[in-house]
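# Structural description and commentary
Read off the chains here:
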2 protein chains.
Amino acid sequence: MTSLPKGFNVHVANMGVKDETNDVMLLTCDVQAKVSAVFTQSLFAGPSIVLSREHAQSGTSRAVVVVSKNANVATGAIGVANANELAALVGASVQCEPTEVLVGSTGVIGVQYPMDRIREHFVNLVGPFDSVSAEDAANAIMTTDTHPKIASTQVGEASIVGIAKGVGMIEPNMATMIAVIMTDAELSTAELDLIFKKVVGTTFNALSIDTDTSTSDMALVLSSGHAGRVNLNAFEDGLKNVCLELTRQLASDAEGAETLIVVTVDQAESSVQAKKIAKSIVNSPLVKTAVHGCDPNWGRVAMAIGKCEDETGIDQNAVVIKFGEHEVYPNQATNELLKELERYLNQDEILIHVSLQLGTEQFTAYGCDLTDGYVRINADYTT
Amino acid sequence: MTSLPKGFNVHVANMGVKDETNDVMLLTCDVQAKVSAVFTQSLFAGPSIVLSREHAQSGTSRAVVVVSKNANVATGAIGVANANELAALVGASVQCEPTEVLVGSTGVIGVQYPMDRIREHFVNLVGPFDSVSAEDAANAIMTTDTHPKIASTQVGEASIVGIAKGVGMIEPNMATMIAVIMTDAELSTAELDLIFKKVVGTTFNALSIDTDTSTSDMALVLSSGHAGRVNLNAFEDGLKNVCLELTRQLASDAEGAETLIVVTVDQAESSVQAKKIAKSIVNSPLVKTAVHGCDPNWGRVAMAIGKCEDETGIDQNAVVIKFGEHEVYPNQATNELLKELERYLNQDEILIHVSLQLGTEQFTAYGCDLTDGYVRINADYTT
């Protein structure tokens, strides 16, 4: 069991949103926690996102509540009122202002919260309560995740503990990525924000399950400061490790996924160029199905590079493609190597490595194979 | 059987590229045909594309040769030499300049042509030969297509006959879209080009199977002029009908597809905006799997609109979503309607209709559902 950083407390419960599993996680901090947050850019962002984006602007928060099994998205004016009431209920329960509460929500789209049950739960909730572990917290925010996602590390005297959920990029198979990271390291909001946004760019934003973007994605980091100042470079490394580990866990547990696909593009002109190519490869249905079939089909990787039509500086004769350590283009694989690569692709994690021979920048993207399991999960769900 | 427009002749044969099915289609015109052509924008475009792009610039051609079962892509300098030799062999056989020959190729990537067999075939090929029908021509360019694609229409005294192939956007399941349209209507190259590029924008370019772009896509129209001048508006309508019918046949026969998905976005600010939203919907794996599962899951359509993050003018409260004629958002469907929609989605062709309430422009995109058949076809192929 993973303990929380000093100053944090998590309560979990079943409010009866959908079934009898835990469907609410309430994280509180005993001081005004410094906070940095990133949210979905979706035009159909739900009221939870709109509210939390506004509340996070102050740079501090006292509580984060995450409701699972209902996204409260596309629910109109009533949905907006319900999100506000939820923040007020939490504020009353933990004795802070509603504006000090951040709200996350994940689950079915287009259905109103069961507000009677939510009201009943919070009216009767009087702290302080004993905290549950990070594992129980991660469990309470799961929807169709098959296991909880937790990562933690130590930076000097401080600890960083993160939890996350998400199995696709979207509901109603109740996907949505939500990550909440707690630390007792002491940082200003500006420091936390600078570091978190940098880290998110190469971790959560390097993850693609199915190119679909949730209406409810959010990632937060909160700092209580109780462990004092730490070396900021060490903190950035620690935070990156936690976020990267959560990213890898999310990719591995994606809907129907059997293989974690890591795509590194290097020798690029810019990291933006490297990211564009890496994401094109990791998102290609034909690359994803080839990996699923353990087929070392490098022609599909070439195709996925080729379809980035705006990157006219890329020369197909200069590009080098490798599976793991093995070059497959332009020095084409022998039949013996292809056999070996079939075994290589039949692993839990595989690497596709592309060198552009244009510069010194690089980017690594994370994704997963496309399986009949993904189709089954997403086709068989009925509203 | 569909006859070819006046002036065209098609020869088909098996050269032994891969198996014993026909793998070459040679179309000739008895005069310098006016030609307009569009090609893949892929950075990994094969030598056939590079050669044909150059040869088409003159605005006239005498012959089109399409080799199936081998794409001649990512084949280096030898591949380039082979494409040039193929054009020369065809030129010698039909007595025209190599620069008057266009070359198309579709099939496995990264494998050289069997040049000995190709040489033997063309050296022994002495015309004139009796022409085969459009059906036989369409058959000869198939790879994993389950049936030939042909469409034709009459414009005054002239006829327009098109053939196409393609089942995904890429090889090595030997997809690639190739379309060749013949007409005996008399047009200048400039007229033909203007009309063809306009028509392609709302037909072949409105088609998305799996977001993957082939290294070998090409669409051509050739005019012999033997039927004389026609009304240009009527010609444009006729050409559009032929290209749209081929587009629909391509979407319906896509790998594993069971349902043709038509997405119309209207009341948009611009056709560019409408196209972006329509393509986002028709390409969304979660929308595609929902249709496959006959699940009237409008939340996924909302998500697919929402992920077009740059279109900040779109207001989620103004958007109207319909399946067929039935509104599902913002006036949400009753359970009775949802049952009816399950039946609606269980058809060969379904319509998703989105109105943005922003303007008067519209776009219609064509795609297909995502099935376990797609995964199976693309995962089970082994290099």
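Residues numbered from 1 in each chain as written. Chains lettered and ligands numbered in written order. Predicted model: local features only at pLDDT ≥ 70, side-chain atom pairs only at ≥ 80, totals over all residues. Heavy atoms only, no water.

### Description of the layout of surface pockets
We count it as follows: The distinction between a cavity and a pocket rests on a 1 Å grid over the protein atoms alone: a 1.4 Å probe fits inside a cavity but cannot get out, while a pocket stays open yet meets protein on both sides within 12 Å along at least five of seven lines, and a residue with an atom within 4 Å of a point counts as lining. Grid points are joined across faces, edges and corners, and a volume is the space filled by probe spheres set on the points. Runs of E in the DSSP output that reach at least two residues are strands. Runs of H or I that reach at least four are helices, and both are numbered from the N terminus. Just so you know the grouping, Ala, Val, Leu, Ile, Met, Phe, Trp, Tyr, Cys and Pro go in nonpolar, Asp, Glu, Lys and Arg go in charged, and all remaining residues, Gly too, go in polar.
The space that makes up the second largest pocket amounts to roughly 380 Å³. Lining the second largest pocket are 21 residues, with Gln316 of chain A together with Ala45, Gly46, Pro47 and Val50 of chain B sitting closest to its centre. With six residues, the single largest contributor to the lining of the second largest pocket is helix 1 (residues 47-56) of chain B. Its residues placed into classes, the lining of the second largest pocket shows eight nonpolar, ten polar and three charged.

### Considerations on the nonpolar core
Threshold: Among buried residues, the Ala, Val, Leu, Ile, Met, Phe, Trp, Tyr and Cys ones that are joined through side-chain atoms within 4.5 Å form a nonpolar core. A simple rule labels every residue: compare its accessible area, found with a 1.4 Å probe on the protein chains alone, to the largest value its type can have, and call it buried under 20%, exposed over 50%, or partly exposed in between. Here, two residues are considered to be in contact whenever any of their heavy atoms come within 4.5 Å of each other.
Grouped together as the largest cluster of nonpolar side chains are 165 residues, with contacts concentrated most on Ile281 of chain A together with Ile281 of chain B. Counting residues per element, this core draws most heavily on helix 6 (residues 232-252) of chain B, which supplies eight residues. Residue contacts for isoleucine 281 of chain A: discarding those within four places in its chain leaves Val263, Val265, Val287, Val301, Ala304, Ile305, Ile352 and Val354 of chain A.

### What to know about a negative patch on the surface
What counts, and what does not: What makes a patch is a set of residues exposed beyond 30% relative accessible area and free of salt bridges, joined within 9 Å when like-charged and within 5 Å when nonpolar (Val, Leu, Ile, Met, Phe, Trp, Tyr). Every accessible area reported is derived by Shrake-Rupley at a probe size of 1.4 Å, with residue values counting cover from the shown protein chains alone. Between Lys or Arg on one side and Asp or Glu on the other, a salt bridge is scored when a side-chain nitrogen of the former is within 4 Å of a carboxyl oxygen of the latter. Charge counting treats Lys and Arg as positive and Asp and Glu as negative, with His and both chain ends excluded. For the purpose of locating charges, the reference atoms are NZ of Lys, CZ of Arg, CG of Asp and CD of Glu.
Taken together, Glu258, Asp372 and Asp380 of chain A together with Glu258, Asp372 and Asp380 of chain B make up a surface patch of like negative charges. Broken down by secondary-structure element, the contributors of at least two residues to the negative patch are helix 11 (372-380) of chain A together with helix 11 (372-380) of chain B. Tracing the chain through its elements places glutamate 258 of chain A in the loop between helix 6 (232-252) and strand 9 (260-268).

### Considering the packing of aromatic side chains
Threshold: When two rings of Phe, Tyr or Trp (its six-membered ring) have centres within 6.5 Å they constitute a pair, described as stacked for plane angles under 30 degrees, edge-to-face for angles over 60, and tilted for the intermediate range.
One pass over the full model with this rule turns up four aromatic pairs over all chains. Here the aromatic cluster, defined as three or more aromatic residues joined through ring pairs, consists of Phe44 of chain A together with Trp298 and Tyr329 of chain B.

### Some thoughts on the relation of the copies chain A and chain B
The following threshold applies: Our superposition of the copies is a least-squares fit, built on the C-alpha atoms of residues whose pLDDT is at least 70 in both.
You can overlay chain A on chain B at an RMSD of 0.0 Å; the transform is a turn of 180° with a shift of 0.0 Å along its axis. Both copies are brought into coincidence by an operation consistent with a two-fold rotation axis. Rotation axis and chain A: the residue whose C-alpha lies nearest the axis is aspartate 372 of chain A, separated from it by 2.5 Å. Both copies present the same face, since 100% of the interface residues in chain A are matched by interface residues at the equivalent positions in chain B.

### Examining the sheet that holds strand 12 (residues 349-355) of chain A
Residues and elements named next belong to chain A. Selection rule: Two strands form a pair only when DSSP identifies at least two bridges running between them. Axis definition: a line fitted to C-alpha atoms, limited for helices to the stretch in contact. Angles are taken between N-to-C directions and run from 0 to 180 degrees.
A sheet is described by the order of its strands in space; here five strands give the open sequence 11-10-12-9-13, paired in mixed fashion. Both outer strands of the open sheet, strand 11 (326-329) and strand 13 (361-368), are each paired with one neighbouring strand and no more. Here the strands of the sheet are splayed against their neighbours by 25° on average, with no regard to which way each runs. As judged from the four bridges shared by strand 10 (residues 320-323) and strand 12, these two strands associate in the antiparallel manner. Residue pairing across strands places isoleucine 321 opposite valine 354, the latter belonging to strand 12. Docked against the sheet, helix 10 (residues 335-345) engages strand 10, strand 11 and strand 12, running at close to 115° with respect to strand 11.

### So, the domain arrangement of chain A
Residues and elements named next belong to chain A. The criterion, for reference: What counts as a domain boundary in this text is fixed by an automatic or database domain assignment. Here the quantity called buried area is the accessible surface, traced with a 1.4 Å probe, that two parts lose on coming together, added over both.
Per the domain assignment, the segments of chain A are domain 1 (8-252) and domain 2 (260-379). Between the C-alpha centres of domain 1 and domain 2 the distance comes to 32 Å. With 15 residues of domain 1 at the contact, the number on the domain 2 side is 17 residues. Taken together, both faces of the contact between domain 1 and domain 2 bury some 1,300 Å²; the carbon and sulfur share is 49%. Here domain 1 and domain 2 share one salt bridge between them. For glutamate 349, the salt bridge goes to arginine 248, with nearest N and O atoms at 2.4 Å. Mapped by element, the contributors of at least two residues to the side of domain 1 that touches domain 2 are helix 5 (189-202) and helix 6. Examining the composition of the side of domain 1 that touches domain 2, we find that five residues originate from one element, helix 6, more than from any other.

### With respect to the interface of chain A and chain B
We count it as follows: Polar contact criterion, stated in full: a pair of N or O atoms within 3.5 Å, where within protein one must be able to donate a hydrogen and the other to accept it, and residues adjacent in sequence count only if both atoms are side-chain atoms.
Across the contact, 57 residues belong to chain A and 57 residues belong to chain B. Of the roughly 4,700 Å² buried between chain A and chain B, counting both surfaces, carbon and sulfur atoms make up 61%. Remark: the boundary between chain A and chain B carries zero salt bridges. Our count for the chain A to chain B interface comes out at six residue pairs in polar contact (both at pLDDT 80 or more). Only helix 8 (285-292), helix 9 (298-306), helix 10 and helix 11 of chain A provide two or more residues apiece to the side of chain A that touches chain B. No other element matches the seven residues that helix 9 of chain A contributes to the side of chain A that touches chain B. Looking at side-chain class alone, the side of chain A that touches chain B contains 25 nonpolar, 21 polar and eleven charged residues.

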